[in-house]
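Spelled out from the first residue to the last, the chains are:
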Number of protein chains: 2
Amino acid sequence: MARAGTKRVVGKPGATDTEGTKGALVAATVDALREVGLAGASAREIARRAGCNQGLVFYHFGSVTTLLLAALDSVSTARRVRYHDAVDGAPGLSELVDVAAAIFEEDLNAGYIAVLVEMIGGASSIPGLGAEVRARIAPWRAFTADAVRRSLGESPLAHLVTPDELAHAIVALYLGLEMLAHLDDDRAPALALFDRARQLAGLVAALAPPAPTKESP
Amino acid sequence: MARAGTKRVVGKPGATDTEGTKGALVAATVDALREVGLAGASAREIARRAGCNQGLVFYHFGSVTTLLLAALDSVSTARRVRYHDAVDGAPGLSELVDVAAAIFEEDLNAGYIAVLVEMIGGASSIPGLGAEVRARIAPWRAFTADAVRRSLGESPLAHLVTPDELAHAIVALYLGLEMLAHLDDDRAPALALFDRARQLAGLVAALAPPAPTKESP
DNA sequence: GTCTATACTTGGATAGAC
DNA sequence: GTCTATCCAAGTATAGAC
């Protein structure tokens, strides 16, 4: 929103800051990354989207790079909470694929993964960015490996691949699907693939019954 | 090579041009994309790597964007020949995974896919680039779908996924693996994954014998 | 905290000498 | 074809008024 005339409503000072200029800048950065990419996400472009002055980027964040990382943090933590909750409610492989598909669609539509992809792709351009991005991707990899480990533990698939390998492949596939969807501006193939995964997960579950609850050894 | 003192050897004029200033600029662009990313691949940086003057980028290619696309073309066509030949020599699924692994390793080491990834990622930053990149990725998708179709035709897997779906997933996985490998500067996980795929392909082949040559119905 | 103004840098692109 | 010199636009970052 434009500064002149329209005041933003300010939340509690300690809050997760989706309000206030700092929050607006972070949100604008996410939008910019999604729509015009890393190269297009300049201080001026971001400030324009946030409806404030370019200088405030440097007042609040010190540099554009820092703001970019703040945006990555914001998306990353918000989404991880969402994923964590969803995966908690999914006991087996089949349910896991179900929730993964649902949230992936959210991500794809909201452009959250686009932010990830832009930052990873741009990591080689901006010196020092690589390490920072890597650190922020790490929790995702750990999270994925954990989810795979838990829902694959009892399945026959566990004898075909290690959880870490599978997790690495899943993260890579995730990123790749986003790249293609973004390039084509078409999410259909990615979603169709999830539908197929759902079918296959059901098939695997039928072949190897889920060992309902394992207790008292 | 530096212009002062060292002259480049010039090949036949009509050749695929890895020699001459034009060729040197294309090669330098590939290097730059790989090492400093799209944002770092400026006319000055490219010319420096090619050992010539910045103005020559515009003399020979008109704009930096055109040169970037020329570099993408160069890598894309060269690699496609390589892939095509390799896949031709691979009759079944197992052999296909074998050659795919081998060439993927080449690509990963030489940074060819990095060029693809940088261009796809940067497509949203530079207006009009998206369509051009899309057109240059299209043959890869067709190629992959074709290879999948041919080597999956007889296999039981063909009843679980359509070739187009599988091809889309493979291309996405390919791009994603490159992103992660580039981010970590570590190709080991991607290569381990191919080893695993090789095992699994062997397993599938053992379960469903390849129907050696299908002729005379 | 926010805005205006400005210094400084880098990069795309062109003109003209050789 | 290549190089030097230069223009112009856009971006980062800072200083200072309000």
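About the criteria used
Residues numbered from 1 in each chain as written. Chains lettered and ligands numbered in written order. Predicted model: local features only at pLDDT ≥ 70, side-chain atom pairs only at ≥ 80, totals over all residues. Heavy atoms only, no water. Helix = DSSP H or I, 4+ residues; strand = E, 2+ residues; numbered from the N terminus. Buried < 20%, exposed > 50% of the residue type's maximum accessible area, 1.4 Å probe, protein only. Areas by Shrake-Rupley, 256 points an atom, 1.4 Å probe, with all protein chains shown as cover. Least-squares fit on C-alpha atoms with pLDDT ≥ 70 in both. Contact = heavy atoms within 4.5 Å. Polar contact = N/O pair within 3.5 Å; in protein donor to acceptor, adjacent residues only side chain to side chain. pLDDT = per-residue confidence, 0-100.

S.K.: What am I meant to see in the overall build of chain A here?
M.R.: Counting secondary structure elements, chain A contains nine helices and zero strands. Helices and strands appear in chain A in the N-to-C order α-α-α-α-α-α-α-α-α. Evaluated residue by residue, chain A yields a buried proportion of 43% over its 217 residues. When the accessible surface of chain A is totalled, it reaches about 10900 Å², and 58% of it is carbon and sulfur.

S.K.: Any chance you could explain the relation of the copies chain B and chain A here in plain terms?
M.R.: Applying a rotation about an axis and a shift along it to one chain copy brings it onto the other copy. Superposition record for chain B on chain A: RMSD 0.0 Å, screw rotation 180°, translation along axis 0.0 Å. This pairing of chains is accounted for by a two-fold axis. Looking at the interface residues of chain B, 100% of them are also at the interface in chain A, so both copies use one shared face.

S.K.: How should the environment of E118(A) be read in this particular structure?
M.R.: On the secondary structure map, E118(A) appears in helix 6 (residues 112-122). With relative accessibility at 6%, the residue E118(A) sits in the buried group. Each C-alpha atom, one on E118(A) and one on L203(A), is 36 Å from the other, the two residues being 85 residues apart in sequence. Setting aside chain neighbours within four positions, we find E118(A) in contact with L33(A), G37(A), L38(A), G121(B) and S124(B). At a separation of 2.9 Å, a polar atom in the side chain of E118(A) contacts the main-chain amide nitrogen of L38(A).

S.K.: Explanation requested: the confidence of the model for chain A in the structure shown.
M.R.: When pLDDT drops low, the exact placement of atoms in the prediction is not to be read closely. Per-residue confidence for chain A gives a mean pLDDT of 87; residues scoring 70 or more make up 88%. In the model, residues 213-217 of chain A has pLDDT below 50 throughout and makes one contact with residues more than four positions away in sequence or in other chains.

S.K.: Please explain the environment of L173(B) as it appears in this structure.
M.R.: Along the chain, L173(B) falls in helix 8 (residues 163-184). A C-alpha to C-alpha distance of 16 Å links L173(B) and D186(B), two positions 13 residues apart in sequence.

S.K.: What is the right way to read the side chain of T29(A) from this model?
M.R.: All names here are of chain A. Its location among the elements puts T29 in helix 1 (residues 20-40). Accessibility expressed as a relative area gives 0% for T29, which makes it buried. Those residues in contact with T29, other than ones at most four positions away along the chain, are I46, L67, L68 and A71.

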